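An overview of the molecular structure
If you want the building blocks of each chain, they are given just below.
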Protein chains: 2
Amino acid sequence: MTRQSATASRELEHPARDAVRLEHVLHALSDPVRLSVVRRLADGPPEQACSSFDLPVSKSTCTHHFRVLRESGVINQVYRGTAKMNALRDTDLDVLFPGLLTAVLAAARAQDGREAG
Amino acid sequence: MTRQSATASRELEHPARDAVRLEHVLHALSDPVRLSVVRRLADGPPEQACSSFDLPVSKSTCTHHFRVLRESGVINQVYRGTAKMNALRDTDLDVLFPGLLTAVLAAARAQDGREAG
DNA sequence: GTCGTACTACGATGGTTATCGTACGACCAC
DNA sequence: GTGGTCGTACGATAACCATCGTAGTACGAC
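Figured I'd write up the structure that's included with this text.

Thresholds, definitions, all that
Residues numbered from 1 in each chain as written. Chains lettered and ligands numbered in written order. Predicted model: local features only at pLDDT ≥ 70, side-chain atom pairs only at ≥ 80, totals over all residues. Heavy atoms only, no water. Helix = DSSP H or I, 4+ residues; strand = E, 2+ residues; numbered from the N terminus. Buried < 20%, exposed > 50% of the residue type's maximum accessible area, 1.4 Å probe, protein only. Phe/Tyr/Trp six-rings, centres within 6.5 Å; stacked < 30°, edge-to-face > 60°. Lys NZ or Arg CZ within 6 Å of the ring centre and 35° of its normal. Axes fitted to C-alpha atoms, helices over the stretch in contact; angles between N-to-C directions. Parallel < 35°, antiparallel > 145°, perpendicular 65-115°, else oblique. Left-handed = near helix turned anticlockwise from the far one by under 90°. Contact = heavy atoms within 4.5 Å. Nonpolar A, V, L, I, M, F, W, Y, C, P; charged D, E, K, R; others polar. Expected span 1.5 Å × (residues − 1). Polar contact = N/O pair within 3.5 Å; in protein donor to acceptor, adjacent residues only side chain to side chain. Salt bridge = Lys/Arg side-chain N within 4 Å of Asp/Glu carboxyl O.

Details of unusual backbone geometry
Residues and elements named next belong to chain A. Even without a glycine there, the phi angle at Asp54 is positive, about 55°. Among the structural elements, Asp54 can be located in the loop between strand 1 (48–49) and helix 4 (59–72). For Asp54, a relative accessible area of 72% puts it in the exposed group.

Written as structure tokens, this is what we have:
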């Protein structure tokens, strides 16, 4: 019956490194919710479950934002039991666009600092 | 009659440096047409007229894109006779988000190089 | 004044996006 | 098996965005 394991059937599509486009990455990062996700991935553990983010949006919107990040090549997602783990594709991004992610993260931090005073 | 010169009355609104938001800048740069404008401003003379860009869109769309760039704080626009001159706000951006513009421009060049092979 | 160039304002349109709620599927623990 | 948690799929909606064409203003040259 070509019955593969349920987990294996839940593989997620990711763009290959060379297929990642700068415009898509910038667009993905231009949304506050998504940028906050990327910042938490950069600052915290390398793999974090969707549910651990506590975003100010509904679950379905959450799913949407994580998909945008994945399809733009910013994050990698894998299923781990019931959880879906997210990891920054920082090495891929750094090969493609050296220094870009670092600069964006630093910019976000700088802006935060300015707002906090 | 408090009649100022017509040119002076055509002042354009720009966000103050501290009002520039990272999300808006990233969004402005995430459009291919706008990114190409920014690249030409970075590579060419510091002030360039809208008409000198020869973009693959209509004049009204052109106006729209330049406005997005201005309102996000990426470029400065001034009238100079009938022409509207555009300049990158690179020093402002570099104060706010050090290295960001450089990284984006380098990324755009890298992507171009990859496509050209 | 007229004419041409540069650009804008307005209105429309079609496509994309962010958002949600509900219903469902996959997994783990029991 | 049951139940709970985590996330998805679907459908809907409202907002946004890129695009255009037309009509118009501002300026410089004549």
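So, the packing of aromatic side chains
Residues and elements named next belong to chain A. Going through the model one piece at a time under the given rule, you end up with two aromatic pairs over all chains. Ring geometry for Phe53 and Phe66: centres 5.4 Å apart, planes at 65°, overall edge-to-face. Of this pair, Phe53 sits in the loop between strand 1 and helix 4 while Phe66 sits in helix 4, and the two are 13 residues apart along the sequence. With relative accessibility at 5%, the residue Phe53 sits in the buried group. For Phe66, a relative accessible area of 1% puts it in the buried group. Lying across the ring of Phe53, Arg40 places its NZ or CZ 4.8 Å from the centre.

As for the packing of helix 3 (residues 32–43) of chain A against helix 4 of chain A
Residues and elements named next belong to chain A. Where helix 3 meets helix 4, the axes come as close as 10 Å, and the angle between the chain directions of the two elements is 65°. If you check the angle between helix 3 and helix 4, you find them roughly perpendicular. The element helix 3 and its partner helix 4 pack so that their crossing is right-handed. Packed against helix 3, whose contacting residues are Val33, Arg34, Val37 and Val38, the element helix 4 presents His64, His65, Phe66, Val68 and Leu69 at the interface. Within the contact of helix 3 with helix 4, the residues separate by chemical class into six nonpolar, two polar and one charged.

Comments concerning helix 3 (residues 32–43) of chain B
Residues lying three or four places apart along an α-helix face the same way, a consequence of the helix completing one turn every 3.6 residues. Residue and element names in this part refer to chain B. Between the first and last C-alpha of helix 3 there are 16 Å, a value that for twelve residues agrees with the 16 Å anticipated at 1.5 Å per step. Among all positions in helix 3, only Val33, Arg34, Leu35, Val37, Val38, Arg39 and Leu41 are buried. Its side-chain oxygen at 2.8 Å from the backbone nitrogen of Val33, Asp31 defines the N-terminal cap of helix 3.

Concerning the interface of chain B and chain A
In many reports, interface size means the accessible area that the parts give up when they come together. If you look at the interface, chain B gives 22 residues, while chain A gives 23 residues. Across the chain B-chain A interface, the total number found is two salt bridges. Of the charged contacts in the structure, one is a salt bridge between Glu115 of chain B and Arg21 of chain A, with a shortest N-O distance of 2.1 Å. Across the contact surface, chain B and chain A share eight residue pairs in polar contact (both at pLDDT 80 or more). The set of elements that each furnish at least two residues to the side of chain B that touches chain A consists of helix 2 (22–29), helix 3 and helix 6 (100–116) of chain B. In terms of residue count, the dominant contributor to the side of chain B that touches chain A is helix 6 of chain B (nine residues). Here the residues of the side of chain B that touches chain A are counted per class, giving 14 nonpolar, four polar and four charged.

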